[in-house]
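# Structural overview for review
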Amino acid sequence: MNQEEHLSAADLALLQLGRRLQADGYRFITPTPLTHQRVLDRAFGRQAQTLRDVFGWSQPFEPGLLSEDEQLQLQRAGVLEEGNGHLKSRVRWSSLDDLLFVHSAFPTDAADAVFFGPDTYRFAQLIHAHLQQNFAPIRRAVDIGCGAGVGAIVIARARREAQVLAVDINPAALRLTTINAALAEVANVSVEASDVLQDVDGQFDLIVANPPYMADPAERAYRHGGGAHGAQLSLRIVEQALNRLAPGGSLVLYTGVAMIDGHDPFLQALTPRLESPMFGWTYRELDPDVFGEELLTPGYQRVERIAVVALVVTRGGPGNGGIVESAAGAP
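For the chain, the name recorded in an unreviewed UniProt entry is SAM-dependent methyltransferase, with Pseudomonas brassicacearum as its organism.

Structure follows, in structure tokens:
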């Protein structure tokens, strides 16, 4: 099936722009929002000079900087802003290995922003590592809260025989995932609207998720994990995924945890849910301290640090109960 046949004219224009950037050798590694802002502060008052300034650093640019074709594709895609005699792209393009992904421009203030950043790179590495260590057939996989579609596309490229589903509640995420899948030339990705797994049927051999894990006062979909410190959605994903794993299937969850008084409240909440001998599981910290600036926001007064963790649960895996690995030690 040719994915382009189902793209609107606007989406096709964005896809063509992505192909043009690839052909031009464009590359950009997206940093954290704090690093991004610091780089922009250094360049205050300076207009974009390169494609990386326009499509990576989200800087305003003068008409004429881009080629006529590139500017026309931005206009056709509906992602070109005009103001004060300058232009600005409402999307960024980021590199991951040999791929390009389109996602929201900086700053990601909109409620429907589609985020891509250092968590995305770590999530992709976690999936790669899992696939390299597990050779069981994957007939059906799903990326929950797909965002820009990275998880789904990584799986689809590594397991061409698999049917890979990319689901999200955000229509903007579904749109950009569709474009990114076409740009990556993976024909085995399907994109559907679903609140976690509520709106899709059947079992899965692999379930992956990189959900939002902050307590965001603005409750932006890409950032707000719910609950006191952002863990509510991650727990909900675990609960739904356990019931939908095929025999031998795995859940690979990448998320963040607000550590309080030397304890991991997410692990404490998880453990009773994973006590069944039906599941084998591992849990470990990938990075002990990320997004330290969030400790200054309301609700984080007791939080010592925010860690990113990896939970891997396998149905019918070896052993009874869980194998816990944690840099901080299990509580």
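Below, the discussion takes up the environment of Val303. Examined against the element boundaries, Val303 turns out to sit in strand E11 (residues 303–315). The exposure class of Val303 is buried, given its relative accessible area of 7%. Sequence separation of Val303 and Phe116 is 187 residues, and the distance between their C-alpha atoms is 25 Å. Among residues more than four places away in sequence, those in contact with Val303 are His229, Ala258, Met259, Ile260 and Leu295.

We now examine the packing of helix H8 (residues 232–242) against helix H9 (residues 265–273). Between H8 and H9, the least distance of the axes is 11 Å, while the angle of their chain directions is 15°. Looking at the two axes, H8 sits roughly parallel to H9. In the crossing of H8 with H9, the sense of the turn from one axis to the other is right-handed. Two secondary-structure elements touch here, H8 through Ser234, Leu235, Val238, Glu239 and Leu242 and H9 through Phe266, Ala269, Leu270 and Arg273.

A word on the packing of aromatic side chains. Applying the stated criterion across every chain, the model contains five aromatic pairs. On the numbers, 4.9 Å between centres and 90° between planes, the contact of Phe28 with Trp57 is edge-to-face. Remark: Trp57 occurs in the loop between helix H3 (51–55) and helix H4 (68–77) and Phe28 occurs in the loop between helix H1 (9–23) and helix H2 (33–42); sequence separation between them is 29 residues. As far as burial versus exposure is concerned, Phe28 and Trp57 are alike and both buried.

Definitions and cut-offs
- Residues numbered from 1 in each chain as written.
- Predicted model: local features only at pLDDT ≥ 70, side-chain atom pairs only at ≥ 80, totals over all residues.
- Heavy atoms only, no water.
- Helix = DSSP H or I, 4+ residues; strand = E, 2+ residues; numbered from the N terminus.
- Buried < 20%, exposed > 50% of the residue type's maximum accessible area, 1.4 Å probe, protein only.
- Contact = heavy atoms within 4.5 Å.
- Axes fitted to C-alpha atoms, helices over the stretch in contact; angles between N-to-C directions.
- Parallel < 35°, antiparallel > 145°, perpendicular 65-115°, else oblique.
- Left-handed = near helix turned anticlockwise from the far one by under 90°.
- Phe/Tyr/Trp six-rings, centres within 6.5 Å; stacked < 30°, edge-to-face > 60°.

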